[in-house]
Amino acid sequence: MLPEMTKVVENTFRAVNIAFEVYFGILFLRVILSWFRMNPYGKFYQFIFGMTEPLLAPIRRLTMRPGSSFPLDFSPMILMLLIILVQRIVVALLYALLF
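Only a predicted model underlies this, so the values are computations on that prediction, with no experimental measurement involved.

Visitor: Please give an account of the overall build of the protein that cites residues and values.
Guide: In terms of helices and strands, the protein carries three helices and zero strands. Listing each helix as α and each strand as β along the protein from the N terminus yields α-α-α. If one aligns the C-alpha atoms of the protein with their principal axes, the spans along those axes are about 60 × 30 × 15 Å. When each of the 99 residues of the protein is scored for burial, the buried share is 22%. Surface summary for the protein: the accessible area is close to 7700 Å², and the carbon and sulfur share equals 72%. Between the centroid of the 9 positive side chains of the protein and the centroid of its 5 negative side chains there is a distance of 12 Å.

Visitor: Explain the layout of surface pockets residue by residue, including any values.
Guide: In this structure, the largest pocket spans a volume of roughly 270 Å³. Considering the residues around the largest pocket, the lining is formed by 15 residues, among which Arg-30, Val-31, Leu-33, Ser-34 and Trp-35 are closest to the centre. When contributions to the lining of the largest pocket are tallied by element, the ones reaching two or more residues are helix H1 (3-33), helix H2 (43-63) and helix H3 (75-98). Looking at which element gives the most residues to the lining of the largest pocket, the answer is H1, with four residues. Across the lining of the largest pocket, the residue classes break down as ten nonpolar, two polar and three charged.

Visitor: Can you break down the side chain of Arg-30 residue by residue, with the values?
Guide: By the element assignment, Arg-30 lies in helix H1. Under the relative-accessibility criterion, Arg-30 is labelled buried at 17%. Each residue touching Arg-30, except ones within four places of it in the same chain, is listed here: Ile-48, Phe-49, Thr-52, Glu-53, Leu-56 and Arg-60.

Visitor: Account for H2, naming residues and giving values.
Guide: Compared with an ideal rise of 1.5 Å per residue, which puts 21 residues at 30 Å, H2 spans 29 Å between its outermost C-alpha atoms and is within 8% of the ideal. In H2, a bend of some 50 degrees at Glu-53 exceeds every other bend along the element, and Pro-54, a proline, comes one to four places later. When H2 is considered as a whole, its buried residues turn out to be Ile-48, Thr-52, Glu-53, Leu-56 and Ile-59.

Visitor: Before we move on, could you go through the side chain of Thr-52 and cite the residues and values that matter?
Guide: Relative to the helices and strands, Thr-52 is located in helix H2. For Thr-52, the side chain forms a polar contact with the side chain of Arg-30, separated by 2.8 Å. In this view, Thr-52 contacts Tyr-23, Ile-26, Leu-27 and Arg-30; residues no more than four positions away in its chain are not counted.

Visitor: Can you lay out the nonpolar core for me, pointing to particular residues and giving the numbers?
Guide: Residues Val-9, Phe-13, Val-16, Phe-20, Tyr-23, Leu-27, Leu-56, Ile-59, Leu-79, Met-80, Ile-83 and Leu-94 constitute the largest nonpolar core, which totals twelve residues. At six residues, the largest contribution of residues to this core is made by H1. Other than its neighbours up to four places away in sequence, Leu-27 contacts Thr-52, Leu-56, Pro-76, Leu-79, Met-80 and Ile-83.

The rules we used
- Sequence positions are assigned chain by chain, starting from 1 and proceeding in written order.
- Two thresholds apply to this predicted model, a pLDDT of at least 70 for residue-level local features and 80 or more for giving and counting side-chain atom pairs, whereas whole-chain, interface and lining totals are computed over all residues.
- The side-chain values count all of the structure's non-hydrogen atoms but skip hydrogen atoms and water molecules.
- Comment: elements are numbered from the N terminus, with helices defined as DSSP H or I runs of at least four residues and strands as E runs of at least two.
- A 1.4 Å probe rolled over the protein chains alone gives each residue an accessible area, and that area as a share of the maximum for its type sets the label: buried under 20%, exposed over 50%, partly exposed in between.
- Per-residue accessibility takes into account occlusion by the displayed protein chains alone, with areas from the Shrake-Rupley method and a 1.4 Å probe.
- Asp and Glu count as negative and Lys and Arg as positive, but His and the ends of the chain are not part of the count.
- Where a charge sits is defined by one atom per residue type, namely NZ (Lys), CZ (Arg), CG (Asp) or CD (Glu).
- The way it works is a 1 Å grid over only the protein atoms, where trapped points that fit a 1.4 Å probe form a cavity and open points with protein on both sides within 12 Å along at least five of seven lines form a pocket, and then any residue with an atom within 4 Å of a point lines it.
- Grid points are joined across faces, edges and corners, and a volume is the space filled by probe spheres set on the points.
- Under the scheme applied, nonpolar residues are Ala, Val, Leu, Ile, Met, Phe, Trp, Tyr, Cys and Pro; charged residues are Asp, Glu, Lys and Arg; polar residues are all the others, including Gly.
- When checking whether two residues touch, look at their non-hydrogen atoms; a contact exists if any pair is within 4.5 Å.
- Each helix should span, by expectation, one fewer than its residue count multiplied by 1.5 Å.
- Note that the bend at a residue is defined as the angle between axes fitted to the seven residues ending at it and the seven residues starting at it.
- Distance and chemistry together define a polar contact, namely a pair of N or O atoms within 3.5 Å, with one atom able to donate a hydrogen and the other to accept it when in protein, and with adjacent residues in sequence counting only for side-chain atoms on both sides.
- Buried residues of nine kinds, namely Ala, Val, Leu, Ile, Met, Phe, Trp, Tyr and Cys, make up a nonpolar core once their side-chain atoms join them within 4.5 Å.

Here you go:
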């Protein structure tokens, strides 16, 4: 493989991994922030909520039962596991396509 192509491949892998890690970090931050009383109208909270809720809501609908009094929400943990799984699949597919 040409040296220029090798750099492109390395940068592609790096960018994909960084994107997944940044989203994972944002999700982890949301979990930590949920332990504290936050202003739900603040820009920071709105950013974190807006980035994570579109993926958490469908998982929450599947895992939470109506009328359930169980106070723990496992949707962030499920999403974290899914992110790790999808990251590994995407990296493996990129590796298979590029090599």
